[in-house]
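Spelled out, the chains give:
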Amino acid sequence: MSAPSHIDPRLLRAFVAVAEELHFTRAAARLYVAQQSLSRDVRRLERELGVELFVRTTRQVTPTADGERLLPHARRVLAAQDDLLAAFGQARPLLVDLNTPGLVTGRRVLHRARELAPDCELMARYESGLTGAAAELLAGRLDVSFGRFAGLDPALRSGLEQQPVRLEPMAVILPQDHPLAALPEVPLAALAGEEVYAGAGNPRTREWTDLAHHLFEGHGIRLAPPFPLAVGDEEFERIMAKSRTPVLAVVDFPAMPRTVRRPLVDPVPLSPVSLVWRKGLVHSGLDALRRAAAEIARAEEWLRRPADRWIPAIDDDVMSVASPVRGEHGTSACATFMA
């Protein structure tokens, strides 16, 4: 591979996007550019380096040996550029996965972070659970997500960092004519003999299904088998109306037609929510998110542990770890933090 005197970082960013997506259309959408422009950038980089970086067919795109060799170097260069721009107030947009539009915790943290650092561009998406987001975090396709950190595979956790945000009381969503719907709160023992849906079969939310498995164990509650993966509120409501299966949720889960949401008690099961990002990420938007999460958690006692709580021991340990918050008394690279 030849060594040109200068390489435009834009070309490296185009190359990395294609190498990670293995698809020019997806890579172009990720970078918010036209596919033709992306293709031109990749070909220009190939000309400047004097090598072919991808094998292109009508069905797939795969890196060549030179492409594989370039990838780790390109990632390091782009990470260094991002750090440099962040240090001088020119941070790139930060992509934050809020999992689903109905969940309150991540959305509130994001809104407060935008207030703290109004010049930062914090881009929200609603796509997956933390298991689905973790690989994208590690690959650099996503910056931040929320969810149950202890539910990830240890190999994934080793490349990520987390900050405890909330211990959210759990609830059950019931058809409005279900026998338990008349109760203001549902004791866990009252669900004995029931099948309760908790995302079984969804590869993106395995951490949630695992939490449910621990909760149901020993209480005579069965984990409902996989449903068709429902995308969007309307489909979720339709599938639930058809199956009439109770659904495990959290107390802030949005209301749906013809259902009721009831807190679980005796004990109060807690869903652990962390802010999660890849190790080594430096970005003023991340600083704002971390400060926002800490601020709201303190003000609203989001990490309080009630006496009658239930939480797996591994989650209790993870959620007891306090990590220092960057920018707590300093300034953001995007803008001065508001008091």
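Going along each chain's sequence as written, the residues are numbered from 1 onward. Predicted model: local features are reported for residues with pLDDT of at least 70 only, side-chain atom pairs are reported and counted for 80 or more only, and whole-chain, interface and lining totals are derived from all residues. The side-chain numbers reported here are obtained from all heavy atoms of the structure, hydrogens and water having been left aside.

1. Observations regarding the pattern of salt bridges
Turning to step 1, where the next piece is worked out: The rule for a salt bridge is simple: a side-chain nitrogen of Lys or Arg has to be within 4 Å of a carboxyl oxygen of Asp or Glu. In this structure the tally under the stated criterion is 20 salt bridges.
Turning to step 2, where the next piece is worked out: Its salt-bridge partner being R112, residue E115 comes within 2.9 Å of it at the nearest N-O pair. Here E115 pairs with R112, and both are found in helix α5 (residues 104-116), just three residues apart, close to one helical turn.
Turning to step 3, where the next piece is worked out: The salt bridge partner of R166 is E168, with a shortest N-O separation of 3.5 Å.
Turning to step 4, where the next piece is worked out: Several salt bridges converge on common partners, so that one network encompasses D8, R10 and D41. Only DSSP runs of H or I with at least four residues qualify as helices, and only runs of E with at least two residues qualify as strands; both kinds are numbered from the N terminus onward.

2. A short note on the packing of aromatic side chains
Turning to step 1, where the next piece is worked out: A pair of aromatic rings is counted whenever rings of Phe, Tyr or Trp (Trp by its six-membered ring) have centres within 6.5 Å, and the orientation is called stacked for planes under 30 degrees apart, edge-to-face for over 60 and tilted otherwise. Counting across every chain of the model gives two aromatic pairs.
Turning to step 2, where the next piece is worked out: On the numbers, 5.5 Å between centres and 40 degrees between planes, the contact of F15 with F54 is tilted. Pair noted here: F15 is in helix α1 (residues 9-21) and F54 is in strand β1 (residues 54-56), with a separation of 39 residues, a long-range link.
Turning to step 3, where the next piece is worked out: A residue is classified by how much of its surface remains accessible, and F15, at 0% relative accessible area, is buried.
Turning to step 4, where the next piece is worked out: For every residue, the accessible area obtained with a 1.4 Å probe (protein chains only) is divided by the maximum for its type, and the residue is called buried under 20%, exposed over 50%, and partly exposed between those limits. Judged by its relative accessible area of 0%, F54 is buried.
Turning to step 5, where the next piece is worked out: Residues F24 and F54 carry aromatic rings whose centres are separated by 6.3 Å and whose planes lie at 70 degrees to one another, so their mutual orientation is edge-to-face. In this pair, F24 is assigned in helix α2 (residues 24-31) and F54 in strand β1, connecting sequence segments 30 residues apart.
Turning to step 6, where the next piece is worked out: Members of the aromatic cluster, connected to one another through ring pairs, are F15, F24 and F54.

3. Re the pairing of strand β10 (residues 247-250)
Turning to step 1, where the next piece is worked out: Burial of the side chains of β10 extends over both faces: V247 and A249 are buried on one face and L248 and V250 on the other.
Turning to step 2, where the next piece is worked out: Two strands qualify as a pair provided DSSP detects at least 2 bridges between them. In this sheet, β10 lies alongside strand β6 (residues 160-175) in antiparallel orientation, the contact comprising four bridges. Within β10, the position partnered with A171 by the bridge is A249.

4. Details of unusual backbone geometry
Turning to step 1, where the next piece is worked out: Of note, the bond from D266 into P267 is cis; its omega dihedral lies within 30 degrees of zero at 0 degrees.
Turning to step 2, where the next piece is worked out: Residue position: P267 is located in the loop between β11 (259-265) and β12 (268-278).
Turning to step 3, where the next piece is worked out: Accessibility expressed as a relative area gives 55% for D266, which makes it exposed.
Turning to step 4, where the next piece is worked out: Although it is not a glycine, E301 adopts a positive phi angle of roughly 55 degrees.
Turning to step 5, where the next piece is worked out: Tracing the backbone through its elements, the reader meets E301 in the loop between α10 (284-300) and β13 (309-310).
Turning to step 6, where the next piece is worked out: The exposed category is assigned to E301, whose relative accessible area is 52%.

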